[in-house]
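Spelled out from the first residue to the last, the chains are:
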Amino acid sequence: MPRSHPAASLVGPLIASLWLTYAATSVQAEPIADVHMLAQKEQQPLLDTLRDLVAIESGSKDIEGLNQIAERVAGQLKQLGGTVEILQPTDIYRLDDTPEKIGPAVHATFKGTGSKKIMLIAHMDTVYLKGMLKDQPFRIDGDKAYGLGIADDKQGVALILHTVALLQKLSFRDYGTLTVLANGDEEISSPGWRSTITKFASDQDAVFSFEGGGTNGTLRLATSGIGSAYLTVQGKSSHAGARPEGGVNALYELSHQVLQMKDLSKPEQGLKLNWTVSKSGTNRNVIPADATAQADARALKVSDFDELEKALQDKIKDRLLPASKVDLKFEVRRPPLEANEASRRVAAYGKTIYQELGMSLKVDEKATGGGTDAAFAALKTSGAVVEGMGLSGFGAHSNDAEYVQINSIVPRLYLATRMIMDLSTGKLK
């Protein structure tokens, strides 16, 4: 049977249609290629910024260092054309360990021509004490960049700065407002800036938090809430050798209390309680009159914290030494971050962006033990809140070998930039 052929009159329109499809695809791919090329060119400047940030020691209680790094970050944001201010805290939520002085925050806004409101957050403070930089100076070894506080969270600050720089080089201003907030107290539970984060985030379409993505670059849509328990025991001192029976040993009572509270965790529902710090006594030969202990608590729901506090208060009624006095204080240091539909939608879009690079992106909706400022951002917003936008790395809060993976810089710059662009232009709905 002779093979049929399309009518000649149909061939022209068919070819034209295929050409238009190809041309549209080419047009769509071209700006993506531009973003990727500029992200590659931005890698070395970002490493230079990281080097400068690591060189500034900025522990949470080092106000001088925090002021210095704030000036450095603010200066770079001003060069990028932002309206920038260095804020000092006025609304401090005082926790048990809140220092007298809280470090500053850097706030920058970039006005665009569109309507979407997007916020980028990171923190400038670290857990380290002044003088430790000499043990962890900035250095590059293979595909890793090492340094004090480099993973938590100076990489996040640098990544935000160079994402904004990349957008500027692309002449992209289709967002409504792009807000940057870098605070100086995250490692001490953000007592000075929690309310500011919540306020600024409340009307945003999306908040991207640039804590590190772990070793495999996972985006996180949920994090645990963080609580603390403070146990105080008052006894009575006496000579430990000549008249121990005349005292009330606060250390014994504290030990009893901690041991009877050690099994209050409920891992199956994400509730964890671990006693981590204790102190008692003044001299080897004196029965201790005072003893204290602290515990770290994690939960996926605030109601779990309520139940835990009740259980702790019930436990202290059972005393080893009736003459002792036992008090317990419980505080919620951070609320949990819970995934919402907007966050899921934005993170899912992030997966498609990574696929353009031939890479896979993991998204975790199940909370882990770490708390985050993103939880404060999520308190009053209906927009997406995505955590873990930072570089891949390892070793945060360690004495040595804290690093970020250099090969994660370009993909993360590309991801953050494309998220902002596509959200602003309506491609990400």
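Provided above is the structure to which this section pertains.
Described below are features of the structure shown in this document. All values derive from a computational prediction rather than experimental measurement. Throughout this document, residue positions are counted from 1 along each chain, in the order its sequence is written. Residue-level local features of this predicted model are given only where pLDDT is at least 70; pairs of side-chain atoms are given and counted only at 80 or more, and the full residue set underlies all totals for whole chains, interfaces and linings. Values shown for side chains rest on all heavy atoms present in the structure; no hydrogens or waters enter the calculation.

Some words on empty space enclosed by the protein
Now for step 1: The distinction between a cavity and a pocket rests on a 1 Å grid over the protein atoms alone: a 1.4 Å probe fits inside a cavity but cannot get out, while a pocket stays open yet meets protein on both sides within 12 Å along at least five of seven lines, and a residue with an atom within 4 Å of a point counts as lining. Grid points are joined across faces, edges and corners, and a volume is the space filled by probe spheres set on the points. For the structure shown, the criterion picks out one cavity of 30 Å³ or more.
Now for step 2: Here the largest cavity is characterised by a volume of approximately 50 Å³.
Now for step 3: Lining the largest cavity, in full, are Ile121, Ala122, His123, Asp153, Asn183, Glu186, Ile197, Ser209, Glu211 and Asp373.
Now for step 4: Secondary structure is summarised from DSSP: a helix means a run of H or I of at least four residues, a strand means a run of E of at least two, and numbering begins at the N terminus for each. At three residues, the largest contribution of residues to the lining of the largest cavity is made by strand β3 (residues 117–123).
Now for step 5: The class makeup of the residues in the lining of the largest cavity is three nonpolar, three polar and four charged. Side-chain classes follow a simple rule in which Ala, Val, Leu, Ile, Met, Phe, Trp, Tyr, Cys and Pro form the nonpolar group, Asp, Glu, Lys and Arg form the charged group, and the remainder, Gly included, forms the polar group.

Things to note about a nonpolar patch on the surface
Now for step 1: The patch calculation keeps residues exceeding 30% relative accessible area without a salt bridge and links them within 9 Å when they carry like charges or within 5 Å when they are nonpolar (Val, Leu, Ile, Met, Phe, Trp, Tyr). All accessible areas in this document rest on Shrake-Rupley with a 1.4 Å probe, and a residue is counted as covered only by the protein chains that are shown. By salt bridge we mean one thing: a side-chain nitrogen of Lys or Arg within 4 Å of a carboxyl oxygen of Asp or Glu. A surface patch of nonpolar side chains, amounting to about 300 Å² of accessible area, comprises Leu251, Tyr252 and Leu320.
Now for step 2: Along the chain, Leu320 turns up in the loop between α6 (302–315) and β12 (325–334).

Regarding the sheet that holds strand β4 (residues 139–141)
Now for step 1: For two strands to pair, DSSP has to find at least two bridges joining them. One open sheet holds the four strands; their spatial order is β4-β5-β16-β15, and the pairing between them is antiparallel. Taken across any chain shown, the strands that pair with only one partner, and hence form the sheet edges, are β4 and β15 (393–394).
Now for step 2: Alignment of β4 against strand β5 (residues 144–146), held across three bridges, turns out to be antiparallel. Within the sheet, the bridge partner assigned to Ile140 lies in β5 and is Ala145.
Now for step 3: Throughout, a residue-residue contact means that at least one pair of heavy atoms, one from each residue, lies within 4.5 Å. To get an axis, a line is fitted to the C-alpha atoms, and for a helix only the part in contact is used. The angle between two axes follows their N-to-C directions and goes from 0 to 180 degrees. Sheet strands in contact with helix α3 (residues 150–169) are β5, β15 and β16 (403–405), and its direction is about 55° off that of β16.

Topic: the packing of α3 against helix α9 (residues 409–424)
Now for step 1: Close contact between α3 and α9 brings their axes to 9 Å; oriented N to C, the two are set at 60°. What the angle tells us is that α3 and α9 run oblique. Crossing angle aside, the handedness with which α3 passes α9 is right-handed. Along the contact surface, α3 presents Leu159, His162, Thr163, Leu166 and Leu167, while α9 presents Arg412, Leu413, Ala416, Thr417, Ile420 and Met421.
Now for step 2: In terms of residue class, the contact of α3 with α9 is built from seven nonpolar, three polar and one charged. Orientation labels follow simple angle bins: below 35 degrees gives roughly parallel, above 145 gives roughly antiparallel, 65 to 115 gives roughly perpendicular, and whatever is left gives oblique. Crossings are assigned a handedness: left-handed for a near helix turned anticlockwise from the far helix by less than a right angle, right-handed for a clockwise turn.

Concerning the nonpolar core
Now for step 1: Ranked by size, the top nonpolar core spans 72 residues in total, and within it Val73, Leu77, Phe110, Leu120, Leu178, Phe208 and Phe210 carry the most contacts.
Now for step 2: Among the elements that line this core, the one with the most residues is α3, at 11 residues.
Now for step 3: For the purposes of this section, nonpolar cores are sets of buried Ala, Val, Leu, Ile, Met, Phe, Trp, Tyr and Cys residues that join through side-chain atoms within 4.5 Å. Each residue's exposure class comes from its accessible area (1.4 Å probe, protein chains only) as a fraction of the maximum for that residue type: buried when under 20%, exposed when over 50%, partly exposed otherwise. Ranked by size, the runner-up nonpolar core spans 22 residues in total, among them Ala250, Leu273, Trp275 and Ala299.

Comments concerning α3
Now for step 1: The buried count for α3 comes to 18 of 20 residues, which makes it a mostly enclosed element.
Now for step 2: Looking one or two residues past α3, Ser171 carries a phi angle of roughly 55°, positive in sign.

Points about the pattern of salt bridges
Now for step 1: Evaluated as defined, the whole model comprises 21 salt bridges.
Now for step 2: The residue Asp62 makes a salt bridge to Lys130 at a minimum N-O spacing of 3.4 Å. Separated by 68 residues along the polypeptide, Asp62 in the loop between α1 (8–54) and α2 (63–79) and Lys130 in the loop between β3 and β4 bring together distant segments of the chain.
Now for step 3: Accessibility expressed as a relative area gives 12% for Asp62, which makes it buried.
Now for step 4: On the basis of relative accessibility, which here comes to 57%, the residue Lys130 falls in the exposed class.
Now for step 5: Two residues, Arg334 and Asp373, come together in a salt bridge whose shortest N-O distance is 2.7 Å. On the criterion of sequence distance, the pair formed by Arg334 in strand β12 and Asp373 in the loop between β13 (363–364) and α8 (374–377) is long-range, its members being 39 residues apart. Accessibility classification places Arg334 together with Asp373 in one group, the buried group.
Now for step 6: Linked through salt bridges whose partners overlap, the residues forming this network are Asp48, Arg51, Asp52 and Arg72.

Remarks on the environment of Ala201
Now for step 1: Mapping Ala201 onto the fold places it in helix α4 (residues 194–201).
Now for step 2: Residue class for Ala201 comes out buried when judged on its relative accessible area of 0%.
Now for step 3: For the pair Ala201 and Thr381, spaced 180 residues apart in sequence, the C-alpha to C-alpha distance is 6.3 Å.
Now for step 4: The residues touching Ala201, leaving out its near neighbours within four places in the chain, are Met119, Val207, Ala377 and Thr381.

Section: the sheet that holds strand β1 (residues 83–87)
Now for step 1: Here we have six strands laid out as an open sheet, ordered β1-β2-β6-β3-β7-β14, and mixed in their pairing. Across the chains shown, the open sheet's two edge strands, defined by having one partner strand only, are β1 and β14 (384–386). This sheet shows a mean twist of 15° between the axes of neighbouring strands, independent of strand direction.
Now for step 2: Sheet topology note: the strand β7 (residues 206–209)/β14 ladder contains three bridges and is parallel. The partner of Ala206 across the bridge, within β14, is Ala384.
Now for step 3: In the packing of α3 onto the sheet, contacts are made with β2 (105–111), β3 and β6 (177–183), and the angle to β3 comes to roughly 145°.
Now for step 4: Most of the contacts of helix α7 (residues 341–356) go to β14, to which it runs at about 60°, and overall it touches β7 and β14.

Brief notes about the packing of aromatic side chains
Now for step 1: The aromatic pairing rule takes the rings of Phe, Tyr and Trp, using the six-membered ring of Trp, and pairs them if the centres are within 6.5 Å, calling planes under 30 degrees apart stacked, those over 60 edge-to-face and the rest tilted. Applying the stated criterion across every chain yields a total of four aromatic pairs.
Now for step 2: Ring geometry for Phe305 and Phe330: centres 5.7 Å apart, planes at 55°, overall tilted. Within this pair, whereas Phe305 is found in helix α6, its partner Phe330 is found in strand β12, the two being separated by 25 residues in sequence.
Now for step 3: Judged by its relative accessible area of 1%, Phe305 falls in the buried class.
Now for step 4: On the accessibility criterion, Phe330 (12% relative accessible area) is buried.
Now for step 5: For a lysine, the NZ atom is tested; for an arginine, the CZ atom; a charge sits over a ring if that atom is within 6 Å of the ring centre and within 35 degrees of the ring normal. We note Arg139 situated over the ring of Tyr146; from NZ or CZ to the ring centre the distance is 4.0 Å.
Now for step 6: Above the ring of Tyr403, the side-chain terminus of Lys144 is found at 5.2 Å from the ring centroid.

Just distances and angles here, no functional claims.
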